[in-house]
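Structure assessment
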Amino acid sequence: MIVYLSEYIYPEAVKTLKEHATVVDNFDHIEEIDAIILRNISVTAEMMDRAKKLKVIVKHGIGCNTIDVKAAKERGIQVTYTPTANADSVAEMTVGLFLTLERRIYEANVKCRRSEFTTIAPSDFLGTEILDKTFGQIGMGNIAQRVAHIMSAGFGAKVLGYDPYVSAEDAVKRGFEKVETLEELLERSDLVNINVPLVKSTENMISGKLFDHFKPGAVFVNAARGAVINEDDLYNALVSGKLKAAACDTFVNEPPTAENKLLSLPNFSATPHLGGNTEDALRKAGIEVVEETLNVLAGKKPIHPVP
């Protein structure tokens, strides 16, 4: 068996993979490859046509927007992913970003380093408690449910959820009070988070006049995919005061650089796609992708096929 792997996954997982298969890091002989393990690379229909022996494409993570899943299904190539392996890490990161925004931790750190404070606990540098606020969640998948649980159990937040693919009854089981429109969720929420895959229907999902519906003083976090929001419109909302503050762990162009004008704003926090970047999550995801690859190549059904 020949498996393509060029990106970092947990070392022990690589060791296990190499005990059962030949691992290559290029597509020089793509026609000989039986499986592809990826994190960020693209796998196109044209590549699949050349990879005559390809049986499975395994995504180390959740977002499969770099894989032509439709083309794979048409060619009988199995596509799998790891929808739960990094959920805890991303959820914890998301809650950390909300705390960063509401307590102005990033701003305080910068000002301390510049010796701009002349007293402790300055009266003109106030934060906001999360306790008992209303938390609005866009999307109700695995990560969203973990974030909602932390916000509810840890901070006593009232949890609202918007997801057109989840019924009101199922939403309650997942820990949400379902709202029927995105506008209603924004109008009622003090804190808003988004966890949706990047597909045609979610590209620029948060954009334009939708920013007019955010509750005054609201904060917004995106640790899903950069293109689910319009970065220019987010910038304008932060400058105009339609949003009090925002944080993004994902961007259209990654990692973000100083050319991104959002990074010039004091009420914006940026991180370079760190949501699932913990040793715990990488270990779970690495082990899972290797086990999934070997199982599918052995003729077994995958645990997490991409729907």
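In the block above lies the structure referred to throughout.
Residues numbered from 1 in each chain as written. Predicted model: local features only at pLDDT ≥ 70, side-chain atom pairs only at ≥ 80, totals over all residues. Heavy atoms only, no water.

**As for the pattern of salt bridges**
Enumeration according to the criterion identifies 18 salt bridges in this entry. Among the ionic pairs, K55 bridges to D34, the shortest N-O distance being 2.9 Å. Of the two residues, K55 is situated in the loop between α2 (45-50) and β4 (56-59) and D34 in the loop between β2 (22-24) and β3 (35-38); the sequence distance between them amounts to 21 residues. For K55, a relative accessible area of 39% translates into the label partly exposed. (Salt bridge = Lys/Arg side-chain N within 4 Å of Asp/Glu carboxyl O. Helix = DSSP H or I, 4+ residues; strand = E, 2+ residues; numbered from the N terminus. Buried < 20%, exposed > 50% of the residue type's maximum accessible area, 1.4 Å probe, protein only.)

**Points about the environment of E107**
On the secondary structure map, E107 appears in helix α5 (residues 105-113). The exposure class of E107 is buried, given its relative accessible area of 18%. Along the chain, E107 and P266 lie 159 residues apart, while their C-alpha atoms are 6.5 Å from each other. Filtering out sequence-adjacent residues up to four positions away, E107 remains in contact with F125 and P266. (Contact = heavy atoms within 4.5 Å.)

**Thoughts on the packing of aromatic side chains**
Tallied over the entire structure, the rule returns six aromatic pairs. With centroids separated by 5.6 Å and ring planes inclined at 20°, the aromatic side chains of F211 and F214 adopt a geometry described as stacked. Taking relative accessible area as the criterion, F211 reaches 2% and is therefore assigned buried. An angle of 75° between the planes, with centres 6.1 Å apart, marks the rings of F251 and F268 as edge-to-face. Of the two residues, F251 is situated in the loop between β11 (245-248) and β12 (268-270) and F268 in strand β12; the sequence distance between them amounts to 17 residues. Overall, the relative accessible area of 3% leaves F268 in the buried class. An aromatic cluster is built from F211, F214 and F220, whose rings are joined through pairwise contacts. Between R104 and the ring centre of F125, over which it is positioned, the NZ or CZ distance is 4.0 Å. Just above the ring of Y235 sits the side chain of K261; from NZ or CZ to the centre is 4.7 Å. (Phe/Tyr/Trp six-rings, centres within 6.5 Å; stacked < 30°, edge-to-face > 60°. Lys NZ or Arg CZ within 6 Å of the ring centre and 35° of its normal.)

**Focus on the packing of helix α4 (residues 87-102) against helix α6 (residues 142-155)**
In contact at an axis separation of 8 Å, α4 and α6 are set at 50° when each is read in the N-to-C sense. In terms of axis orientation, α4 runs oblique to α6. For the pair α4 and α6, the crossing hand works out as right-handed. On α6, the residues that touch A87, D88, V90, A91, T94, V95 and L99 of α4 are N142, I143, R146, V147, I150, M151 and F155. Looking at the contact of α4 with α6 residue by residue, the class counts come to 10 nonpolar, two polar and two charged. (Axes fitted to C-alpha atoms, helices over the stretch in contact; angles between N-to-C directions. Parallel < 35°, antiparallel > 145°, perpendicular 65-115°, else oblique. Left-handed = near helix turned anticlockwise from the far one by under 90°. Nonpolar A, V, L, I, M, F, W, Y, C, P; charged D, E, K, R; others polar.)

**Describing the side chain of D190**
Relative to the helices and strands, D190 is located in the loop between α8 (182-188) and β9 (191-194). A distance of 3.0 Å separates polar atoms of two side chains, one belonging to D190 and the other to K215. Those residues within four positions of D190 in sequence are excluded, and the remaining contacts are K133, T134, K215, G217, A218 and V219. (Polar contact = N/O pair within 3.5 Å; in protein donor to acceptor, adjacent residues only side chain to side chain.)

**So, the environment of A247**
If you trace the backbone, A247 turns up in strand β11. Once the C-alpha coordinates of A247 and P216 are considered, the two residues, 31 residues apart in sequence, prove to be 17 Å apart. With sequence-adjacent residues up to four places away left out, A247 is seen in contact with L97, L101, F220, V221, N222, F268 and S269.

**A closer look at the pairing of strand β6 (residues 134-138)**
With five of five residues buried, β6 is to be regarded as a mostly interior element. Note: β6 against strand β7 (residues 158-162), five bridges, orientation parallel. Note that in β7 the partner of I138 across the bridge is Y162. Between the parallel pair β6 and β7, the chain is carried across by α6, and the sense of this crossover is right-handed. For β6 and β9, the ladder comprises four bridges, and the chain directions are parallel. Bridge assignment links G136 to a residue of β9, and that residue is V192. (Pairing = 2+ DSSP bridges. Right-handed = clockwise from strand over helix to strand, strands pointing away.)

**Some points on the nonpolar core**
Counting 30 residues, the largest nonpolar core has I138, I206, F214, F220, L234, L243 and F268 as the members making the most contacts within it. If you list the elements that add at least two residues to this core, you get β7, α8, β9, α9 (231-240) and β11. Within the second largest apolar cluster, 26 residues are counted, among which are A144, V166, L191 and A247. (Core = buried A, V, L, I, M, F, W, Y, C linked by side-chain atoms within 4.5 Å.)

**Examining the sheet that holds β4**
Read from one edge to the other, the open sheet built from five strands follows the order β2-β1-β3-β4-β5, with strand pairing classed as parallel. For this open sheet the edge positions go to β2 and β5 (78-80), each flanked by a neighbour on one side alone. Here the strands of the sheet are splayed against their neighbours by 20° on average, with no regard to which way each runs. Pairing between strand β1 (residues 2-4) and β3: two bridges, direction parallel. Pairing of Y4 across the sheet is with I36, part of β3. Helix α10 (residues 279-297) rests against β1, β3, β4 and β5 of the sheet, and its axis sits at about 165° to β4.

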